[in-house]
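# Reading the structure
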Amino acid sequence: MVGSGYWETVQVFHDTLQAAIARVTQAILLVDGPFPPDEMSGRLRVSEIKAALGRPASNRALSLAMRFRVTANTSGEDRWEIQTFAYSYLLFRDDREEVGYHWDDEAVIGIQTPHVHFGKDLAHTGLPRVDRDRLGTLAAAHLPTGLVPFTQILRAAIRNLGVEPLRRQGESIEEARAAAERSFREAEAALSSSFAWWKG
């Protein structure tokens, strides 16, 4: 995402992503930093550790955090761009983590490439030992994904996991779904642009 003016670029990026988040949760997207000239990177995170998705009956929640840097764009004076370089998106059901998407291009220890984990909190003592071991092996695996905008996860939660988008006053569920999709597309464009620097 490229914009004119340092803070304007950060604000437009935040506001575009917040519009998508607001379609599925009442939690808000917080921005920490950047603090130029010493610190040109910042962090975006959802205001709740486990932000409830849709109506409470869905029992679904999201944890989201991203790190980004703001860099001068070579196309002209006072032109800036956002470069996302790390994210963590976790989906929960009944407070148990089911899916976790991770990427940290600047990780010193561990996996730098984008990956997903499945079923971290699904194994429990009531399962036979062999099933717990299988789930544990799956949860520990770093399955490669390529870069994933969080909007794809929100879209999948609506389409496949029973999460209903939040309705504004007077909106039907169909109108809410259409509005959510529009917000997701705009945020996805901003996120994809912020990933464009990465050569993988």
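Further up the page is the structure itself.
Calculation criteria
- Residues numbered from 1 in each chain as written.
- Predicted model: local features only at pLDDT ≥ 70, side-chain atom pairs only at ≥ 80, totals over all residues.
- Heavy atoms only, no water.
- Helix = DSSP H or I, 4+ residues; strand = E, 2+ residues; numbered from the N terminus.
- Polar contact = N/O pair within 3.5 Å; in protein donor to acceptor, adjacent residues only side chain to side chain.
- Contact = heavy atoms within 4.5 Å.
- Buried < 20%, exposed > 50% of the residue type's maximum accessible area, 1.4 Å probe, protein only.
- Pairing = 2+ DSSP bridges.

To continue, consider the side chain of Thr84. Mapped onto the fold, Thr84 is located in strand β6 (residues 79-93). Within the structure, Thr84 has its side chain in polar contact with the side chain of Ser194 (distance 2.7 Å). What Thr84 contacts, discounting residues up to four positions off in sequence, is Phe13, Met66, Arg67, Phe68, Trp103, Ser194, Phe195 and Trp197.

Let us look at unusual backbone geometry. Omega for the peptide link from Gly33 to Pro34 comes to -5°, which places this bond in the cis form. Following the sequence through the fold, Pro34 ends up in the loop between β2 (29-32) and β3 (41-46). Of note in the backbone geometry, Asp95 takes a positive phi value of approximately 65° without being a glycine. On the basis of relative accessible area, Asp95 is assigned to the exposed category, the value being 55%.

Summarising burial for strand β5 (residues 60-72): ten of the 13 residues are buried, a large majority. Here β3 runs beside β5; their pairing, made up of five bridges, is antiparallel. Considered in β5, the bridge of Leu44 is made with Met66. As paired strands, strand β4 (residues 51-52) and β5 are joined by two bridges and run antiparallel to one another.

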